[in-house]
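One-letter residues, chain by chain:
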2 protein chains.
Amino acid sequence: MAAEHKFTQEPHKLLVIPGPIEVSDDVLYANAHPSMSHVSPDFIPVLGDCIRMTREILYTTTGQPFLIAGSGTLGWDQVSSNLVEPGENALVLHTGYFGDSFAECLEVYGANVDQLKAKIGAVSTTAEIENALRAKKYKIVTITHVDTSTGVLSDARGIAETVRRVSPDTLVALDAVCSVASEEIQFDAWGLDVVLTASQKGLGTPPGLSILVASQRAIKVWETRKAPPTSFYASWKKWLPIMRAYEAGNAMYFATPPVQLIYAFHASLSAITKGSPSLEHRFAAHKEAARRVRAAGAELGLKTLALEEGFTANGMTALYFPEGLSAADVIPRLGARGVIVAAGLHKEIKDKYFRIGHMGVTVVEPSRGDIDRIVSGLKEVIAEARAAKNA
Amino acid sequence: MAAEHKFTQEPHKLLVIPGPIEVSDDVLYANAHPSMSHVSPDFIPVLGDCIRMTREILYTTTGQPFLIAGSGTLGWDQVSSNLVEPGENALVLHTGYFGDSFAECLEVYGANVDQLKAKIGAVSTTAEIENALRAKKYKIVTITHVDTSTGVLSDARGIAETVRRVSPDTLVALDAVCSVASEEIQFDAWGLDVVLTASQKGLGTPPGLSILVASQRAIKVWETRKAPPTSFYASWKKWLPIMRAYEAGNAMYFATPPVQLIYAFHASLSAITKGSPSLEHRFAAHKEAARRVRAAGAELGLKTLALEEGFTANGMTALYFPEGLSAADVIPRLGARGVIVAAGLHKEIKDKYFRIGHMGVTVVEPSRGDIDRIVSGLKEVIAEARAAKNA
């Protein structure tokens, strides 16, 4: 697996938005792999390995991965068109922008959707979730593990436990676009039915790959649905045989996989599952990086959007601008120092906060000094902006 | 636009299947672009340019491009979920494997589909198409421009003319996955409503991008549909504002675009629209390459799947194995010479033929010698295989 090439990516500003994230030279080099047939004996095991390593990262032995060209959004279509039949009930646990979007997707495919909305920066309580589950029978509950618009982390394990206890037949789908490989996810142990994500966040790969893992229980629910799946491109009827074939070492065709991106994903998954740090240390490193960013913010008087430390994400942080300062005072000044952060996204408070991503190589390769640059950049920029206001 | 880098892709076998095709060093290097924010001022015009250059290649000034992470297949979902409402009629002009698939996709979204099937290697006649159009009112007619399973080229211009004359309200959708940039397509002049394709064939980019252009007439039909679109990820309601925003130089978010692949597509589109040869000469070069491959086949007694020269594709050729030889005699021997061709795909005759791709740099950069290698490889291999049989 060792890289023998000498590829070095072009100098560029440090990208610390909550995805896409910084990508290593090895992964980018793999993304420049010469063209290969998608059914060649050389390529088949690369995709097969990606399927196997995706399981490893989620601690599952029986989950069925689906790796499909598309953005993370396509995962919602997969859930909505394969697992929910028109007229069935879905409960969306809403902690920001992405709950609304998942709900809208479910509705497009005919689900009756209820949203349990937590106030901004908070999560719904166990009692609230229990009450919702007792009030109506739901085919599926969706959780946004980390809502990228708010940096709020939901307790996926606790919620899955609650659903299993109160409504055992209800499927639990975790939107983990902004959490896979930056937050621990125990797919089997927590009894999850779907984890869906994308390549460009904790997984450290360029964007363009929808990654979803379904439990055998979910596969069974899908197999026994009354109506056929309501999507073609997102249909597991099409993709399940493909995934099984490639994993078994055989080629099969439905739609051309994004060959170069699969090589890149393979390089990143190899680093995550076989490189240093271990998966456990990777999660610990993300916790420590998040703690440092929050501490730097606190020192400067920047409050996190998340109302309690217990539900702050570890792969990103959303911070309110301090009194008297706005996006225009902070974001361009960080940019001028070569540090690219993201503006607000949650529509009700969009202009009041900004977002910093700290995932992947930025976190697990301290020699890069990325977290130091974020922390010192924040300090300098807030001081400079305050001085400019008082001048 | 000149490349200042010294990136050279790894040595590899010559990939001459009908897609993915060989990709230039410049395009692969662009695919290894450092991570960039999908809403950064540096990236916005790159996507904007891709939208504009996509129009140029199809000779359209008013068509609306959609560039979405996904495979070419996603284009069928776009057509089926945005332009056809459940219960409406669709006519699929079938010239191979991909007609069946497009028909199946339309049915998933609720269309009533009729297929007009030509015999293998042929196309339906104008009279047959006219009769079908007079027998029933169709919302849409789909044409596979080049069916990748057969190498049969349909007369897109003539068919569009027939549809306009006999059934003026019927939309004309061209599946041009295996023809954009290898066959001339005059979107405006021929009155097409949809051209859909993918990045990894004539467009010379790695796979992972669904490219579709819709006419303003198609957009109007979509705007006035009675029921909402039946897909979320493929919904133009979501993507049209995004495409318009990026083209106008503004960022907008629905789903993360495949940033690196957009850089790669930009590099390839720039070479096609601004480099040498001109677009017109590019099409002529594909015709000449196809002629050479057919001539080499004819000399060796290999018949084309296409029954007449008038409907042989210019970006690929499907050839029957000669009497007494099979895939096992030919394909591995070409592979051993470093030339990768594709096996048959049309299910009724899968084992009786093979496919050669001749698109992009393989055709327009004669100094590579790719067509020479194909032609001499064929000659050597057929001779060797025949000698082995007679030994």
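The rules behind each value
Residues numbered from 1 in each chain as written. Chains lettered and ligands numbered in written order. Predicted model: local features only at pLDDT ≥ 70, side-chain atom pairs only at ≥ 80, totals over all residues. Heavy atoms only, no water. Buried < 20%, exposed > 50% of the residue type's maximum accessible area, 1.4 Å probe, protein only. Helix = DSSP H or I, 4+ residues; strand = E, 2+ residues; numbered from the N terminus. Pairing = 2+ DSSP bridges. Axes fitted to C-alpha atoms, helices over the stretch in contact; angles between N-to-C directions. Parallel < 35°, antiparallel > 145°, perpendicular 65-115°, else oblique. Contact = heavy atoms within 4.5 Å. Nonpolar A, V, L, I, M, F, W, Y, C, P; charged D, E, K, R; others polar. Buried area = accessible area lost by both parts, 1.4 Å probe. Salt bridge = Lys/Arg side-chain N within 4 Å of Asp/Glu carboxyl O. Domains from an automatic or database assignment. Polar contact = N/O pair within 3.5 Å; in protein donor to acceptor, adjacent residues only side chain to side chain. Least-squares fit on C-alpha atoms with pLDDT ≥ 70 in both. pLDDT = per-residue confidence, 0-100. Disulfide = S-S within 2.5 Å.

Overview of the pairing of strand 14 (residues 353–357) of chain A
Residues and elements named next belong to chain A.
Turning to step 1, where the next piece is worked out: For strand 14, a buried count of five out of five residues is recorded, marking the element as mostly surrounded by other parts of the structure.
Turning to step 2, where the next piece is worked out: Side chains Tyr 353, Arg 355 and Gly 357 of strand 14 all project onto a buried face; the interleaved residues Phe 354 and Ile 356 project onto the opposite face, where all are buried too.
Turning to step 3, where the next piece is worked out: As paired strands, strand 11 (residues 316–320) and strand 14 are joined by five bridges and run antiparallel to one another. From the neighbouring strand, Ala 318 faces strand 14, where its bridge partner is Arg 355.
Turning to step 4, where the next piece is worked out: Bridge analysis of strand 13 (residues 342–343) against strand 14 gives two bridges, and the strand direction is antiparallel. Its bridge partner being in strand 14, Ala 343 is matched across the sheet by Phe 354.

Some points on the packing of helix 11 (residues 279–299) of chain A against helix 14 (residues 370–390) of chain A
Residue and element names in this part refer to chain A.
Turning to step 1, where the next piece is worked out: As a packed pair, helix 11 and helix 14 sit with axes 10 Å apart at the nearest point and diverge in direction by 10 degrees. Relative to helix 14, helix 11 is oriented roughly parallel. In this structure, helix 11 uses Ala 289, Arg 292, Val 293, Ala 296 and Glu 299 to contact helix 14, whose residues at the interface are Ile 371, Asp 372, Ile 374, Val 375 and Lys 379.
Turning to step 2, where the next piece is worked out: Within the contact of helix 11 with helix 14, the residues separate by chemical class into six nonpolar, no polar and four charged.

Re the sheet that holds strand 4 (residues 112–117) of chain A
Residue and element names in this part refer to chain A.
Turning to step 1, where the next piece is worked out: Ordered by their spatial adjacency, seven strands build an open sheet running 2-10-9-8-5-3-4, and the pairing between neighbours is mixed. Edge positions in the open sheet fall to strand 2 (64–69) and strand 4, since each of these has one partner strand only. On average, adjacent strands in this sheet sit at an angle of 20 degrees to one another, irrespective of strand direction.
Turning to step 2, where the next piece is worked out: Where strand 5 (residues 140–144) and strand 8 (residues 171–175) come together, five bridges link them in parallel fashion. Considered in strand 8, the bridge of Ile 140 is made with Leu 171.
Turning to step 3, where the next piece is worked out: Most of the contacts of helix 2 (residues 44–57) go to strand 2, to which it runs at about 125 degrees, and overall it touches strand 2 and strand 10 (209–214).

Describing the interface of chain B and chain A
Turning to step 1, where the next piece is worked out: Tallying the contact residues gives 54 residues for chain B and 54 residues for chain A.
Turning to step 2, where the next piece is worked out: Both sides together, the interface formed by chain B and chain A hides about 4,100 Å², and carbon and sulfur atoms give 63% of it.
Turning to step 3, where the next piece is worked out: Among the salt bridges present, the one from Lys238(A) reaches Glu104(B), with a minimum N-O distance of 2.7 Å.
Turning to step 4, where the next piece is worked out: For the side of chain B that touches chain A, the secondary-structure elements that each account for two or more residues are helix 1 (25–30), helix 3 (73–82), helix 4 (97–108), helix 9 (236–247) and helix 10 (259–274) of chain B.
Turning to step 5, where the next piece is worked out: Here the element with the most residues in the side of chain B that touches chain A is helix 4 of chain B; it accounts for six residues.
Turning to step 6, where the next piece is worked out: Per-class residue counts for the side of chain B that touches chain A are 30 nonpolar, 18 polar and six charged.

Notes on the domain arrangement of chain A
All names here are of chain A.
Turning to step 1, where the next piece is worked out: Examined at the domain level, chain A breaks down into domain 1 (2–20 + 277–390) and domain 2 (26–274).
Turning to step 2, where the next piece is worked out: Contacts between the two partners involve 32 residues from domain 1, matched on the other side by 34 residues from domain 2.
Turning to step 3, where the next piece is worked out: Between domain 1 and domain 2, the buried area comes to about 2,700 Å², and carbon and sulfur atoms account for 66% of it.
Turning to step 4, where the next piece is worked out: Joining domain 1 to domain 2, the criterion identifies one salt bridge.
Turning to step 5, where the next piece is worked out: With a closest N to O distance of 3.7 Å, Lys 347 and Asp 100 form a salt bridge.
Turning to step 6, where the next piece is worked out: Counting every contact that joins domain 1 to domain 2 gives eight residue pairs in polar contact (both at pLDDT 80 or more).
Turning to step 7, where the next piece is worked out: For the side of domain 1 that touches domain 2, the secondary structure elements donating two or more residues are helix 11, strand 11 and strand 14.
Turning to step 8, where the next piece is worked out: With five residues, helix 11 is the largest single contributor of residues to the side of domain 1 that touches domain 2.
Turning to step 9, where the next piece is worked out: Split into classes, the residues belonging to the side of domain 1 that touches domain 2 amount to 19 nonpolar, eight polar and five charged.

Topic: the sheet that holds strand 11 of chain A
Turning to step 1, where the next piece is worked out: A sheet is described by the order of its strands in space; here three strands give the open sequence 11-14-13 (chain A), paired in antiparallel fashion. Sheet topology places strand 11 and strand 13 of chain A at the edges, where each strand pairs with a single neighbour.

Here's the deal with the pattern of salt bridges
All names here are of chain B.
Turning to step 1, where the next piece is worked out: Tallying each qualifying case throughout the model produces 44 salt bridges over all chains.
Turning to step 2, where the next piece is worked out: Arg 368 is the salt-bridge partner of Glu 22, the closest N and O atoms lying 3.2 Å from each other. With Glu 22 in the loop between strand 1 (14–15) and helix 1 and Arg 368 in the loop between helix 13 (361–364) and helix 14 (370–390), the pair connects residues that are 346 residues apart, well separated along the chain.
Turning to step 3, where the next piece is worked out: We classify Glu 22 as buried; its relative accessible area is 3%.
Turning to step 4, where the next piece is worked out: By relative accessible area, Arg 368 is classed as partly exposed at 29%.

A short note on the relation of the copies chain B and chain A
Turning to step 1, where the next piece is worked out: Once chain B is rotated about the relating axis by 180 degrees and shifted along it by 0.0 Å, it coincides with chain A to within an RMSD of 0.0 Å. With respect to symmetry, the two chain copies, as superposed, fit the operation of a two-fold axis. For chain B, the residue whose C-alpha comes nearest the rotation axis is Gly70(B), separated from it by 2.2 Å.
Turning to step 2, where the next piece is worked out: Mapped onto chain A, 100% of the interface residues of chain B are again interface residues, and the two copies thus contact each other with one and the same surface.

Describing the confidence of the model for chain A
Turning to step 1, where the next piece is worked out: Looking at chain A, pLDDT values average 97 and 99% of them are 70 or higher.
Turning to step 2, where the next piece is worked out: What the predictor reports for the complex is a pTM of 0.98 with an ipTM of 0.98.

Some thoughts on the state of the cysteines
Turning to step 1, where the next piece is worked out: Under the defined criterion, the tally for this structure stands at zero disulfides over all chains.
Turning to step 2, where the next piece is worked out: No disulfide involves Cys105(B); its nearest neighbouring cysteine sulfur is the one of Cys105(A), lying 16 Å away.

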